[in-house]
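# Understanding the architecture of this molecule
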Amino acid sequence: MTREVLYRLEASRKELLDLGLRNPLINYRKRAKQVNVVDELTREIYRLLVTDGRKMSFKALPEAKLKRLAEIEVDSTKDTTTINWEDLLSQPEEEIAEGKTAARHTDTKLQTSLSSEKLQIRLLSIHNNARTYLEEQGVNILYLALGFLHWYESPSASEPRRAPLILIPVELTRSSAQERFRIAYSGEEIGDNLSLIEKLRSEFGLEFPEMGDSDDLDIEKYFAAVAKNTKGDERWKVEPNEITMGFFSFGKFLMYKDLDMTGWSDDENPKKHDILSALLGDGFHESESTYGDDSHIDEIVSPNELYQVADADSSQIVAILDANAGRNFVLQGPPGTGKSQTITNIIAECIGRGRKVLFVSEKMAALEVVKRRLDKLGLGDAVFELHSHKTNKKRVLEELNRTLNQGRPQVKGTRDDIDILTQMRDKLNAYCDAVNKPIANTSISFISALGHALQVADSSQNTAVFDFSHMTEWSESEYRTARMQIEVLD
């Protein structure tokens, strides 16, 4: 890989890195598609959702509390965390023993600052958007953010920025339109804020503590460690019980990390990858395919040389052969021309030849179409799904365990099937050759003559059977003379 290509690769990486204030992972602001949770304890929510695996619902602010909230004067330039929610929401008669947690913090209801009507409207909007994104992109971007870091861009900056610290991937569901929405931990990997970590490391020289495995995570210790590592500016602070449900996307940042060449071994380093060099350099210089439009595929390849599992015409088989040869090419065609079918055959070829194939798509629907085809053909177990909600650790391990322990597939009679297929193919090819050969000494094939006969045939007329036997002895000139006489009569 040349120096120019390396420069382009690094420039492309930086384009993926969004460390600006428009990134909600760096500067989270009030949005219409979020629900702020108030007067709750992060450690209890983490225990209920993640450790105990329970579902939680949202609770609207009672009418009486809404009136009290309206009477509180809040400076619009400040965050709503300046409100003392504990005083506002605690019950006067509630007595809490020393060292104990209030009942409202240990139940499965998440308190919000919204009225019932506004809460339901917002939850419905979030639910619809999360489902649409999952169906189209195959990625869940709905998270419950636990704890926020309030930070400043510089010592002279007056406006604090807010960045989430722990992000729990969640699902928002309800059983019917009459039921309330509930959230549950989706089972995907719980993460810290990668964008914030990179921002503070590159611009402030601050190192974040390791969050560690989510199963052994001590929320309070982690927040304390973050506060210790960011105490350079006295105004910076960690708000452990600041909680929000909203949309966050890590896709581009993860690609940025994947393309970091320092994280790869020497044998697999991206700078040694021919395809990356071609993409970022002067392009691909592929030779012409060995197979052209006039190639007779059945004379080139026999059925026992392919692992074709779905129907394919000659152009699709050419694509399969080119893929087997390791050629780089673009397969184009309008909808309904068998592109996904061809991709299925190419994947089957790779599986049959012990090769690996990575199939990616911007749309989840394209992945699902091919996966359904492979499942139907009995090859689904050879496919490892790495998209959408199917990527959580538990399901991945269960799928690996299931496929690794199911044994080798037992298929009998393949030799006989291939022999029968070869005989049928040869018979069909012989028929096609016969009907396309010129009749006797004429230049007209049987299929062309049949087409002409069908055009002029009149089923309502009964014509006598004509003896054509002597015409087989005609020369081509005699045939043409007779045909001219018929055209004159016509």
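Above this text is the structure in question.
Worth saying up front: this structure is predicted, and the values here are computed from it rather than measured.

## Quick word on the pairing of strand 2 (residues 56-59)
Across 2 bridges, strand 2 lies against strand 6 (residues 182-185) in antiparallel orientation. Paired with M56 across the bridge in strand 6 is I183. The pairing of strand 2 with strand 3 (residues 109-111) spans 3 bridges and is parallel. Opposite S57, over in strand 3, you have K109 as the bridge partner.

## What about the nonpolar core?
Membership of the largest hydrophobic core comes to 53 residues, with the highest contact counts inside it found for F58, L144 and M245. Here the element with the most residues in this core is strand 5 (residues 161-173); it accounts for 6 residues. In this structure, L144 is in contact with I45, L49, I166, L167, I168, V170, I183, I243, T244 and M245, ignoring residues within four places of it in sequence. Counting residues in hydrophobic clusters, the runner-up holds 9 residues, among them V301, L306, V318 and I346.

## Considering the pairing of strand 4 (residues 142-151)
Within strand 4, 10 of the 10 residues are buried, which leaves it mostly tucked inside the rest of the structure. Where strand 4 and strand 8 (residues 237-247) come together, 8 bridges link them in antiparallel fashion. Its bridge partner being in strand 8, H150 is matched across the sheet by K237. One ladder, built from 8 bridges, connects strand 4 with strand 5; its direction is antiparallel. If you follow H150 over to strand 5, its bridge partner there is R162.

## Thoughts on unusual backbone geometry
Negative phi characterises most residues that are not glycine, and trans characterises most peptide bonds. A positive phi is found at D39, a non-glycine position, where the angle reads about 50°. Inspection of the secondary structure assignment puts D39 in the loop between strand 1 (35-37) and helix 2 (42-51).

## Things to note about a nonpolar patch on the surface
Taken together, F384, L386, L397, L400 and L404 make up a surface patch of nonpolar side chains, about 510 Å² in accessible area. Summarising the element assignment, F384 is placed in the loop between helix 14 (364-376) and helix 15 (393-404). When its relative accessible area of 38% is taken as the criterion, F384 is described as partly exposed.

## So, the packing of helix 7 (residues 194-204) against helix 9 (residues 251-258)
Direction vectors running N to C along helix 7 and helix 9 enclose 55°, while the axes themselves pass 10 Å from each other. Put simply, helix 7 runs oblique to helix 9. Every residue of helix 9 that contacts helix 7 at L194, S195 and E198 is listed here: F253, L254 and Y256. Each residue belonging to the contact of helix 7 with helix 9 can be placed in one class, and the counts come to 4 nonpolar, 1 polar and 1 charged.

About the criteria used
Residues numbered from 1 in each chain as written. Predicted model: local features only at pLDDT ≥ 70, side-chain atom pairs only at ≥ 80, totals over all residues. Heavy atoms only, no water. Pairing = 2+ DSSP bridges. Helix = DSSP H or I, 4+ residues; strand = E, 2+ residues; numbered from the N terminus. Core = buried A, V, L, I, M, F, W, Y, C linked by side-chain atoms within 4.5 Å. Buried < 20%, exposed > 50% of the residue type's maximum accessible area, 1.4 Å probe, protein only. Contact = heavy atoms within 4.5 Å. Patch = residues over 30% accessible without salt bridge, like charges linked within 9 Å, V, L, I, M, F, W, Y side chains within 5 Å. Areas by Shrake-Rupley, 256 points an atom, 1.4 Å probe, with all protein chains shown as cover. Salt bridge = Lys/Arg side-chain N within 4 Å of Asp/Glu carboxyl O. Axes fitted to C-alpha atoms, helices over the stretch in contact; angles between N-to-C directions. Parallel < 35°, antiparallel > 145°, perpendicular 65-115°, else oblique. Nonpolar A, V, L, I, M, F, W, Y, C, P; charged D, E, K, R; others polar.

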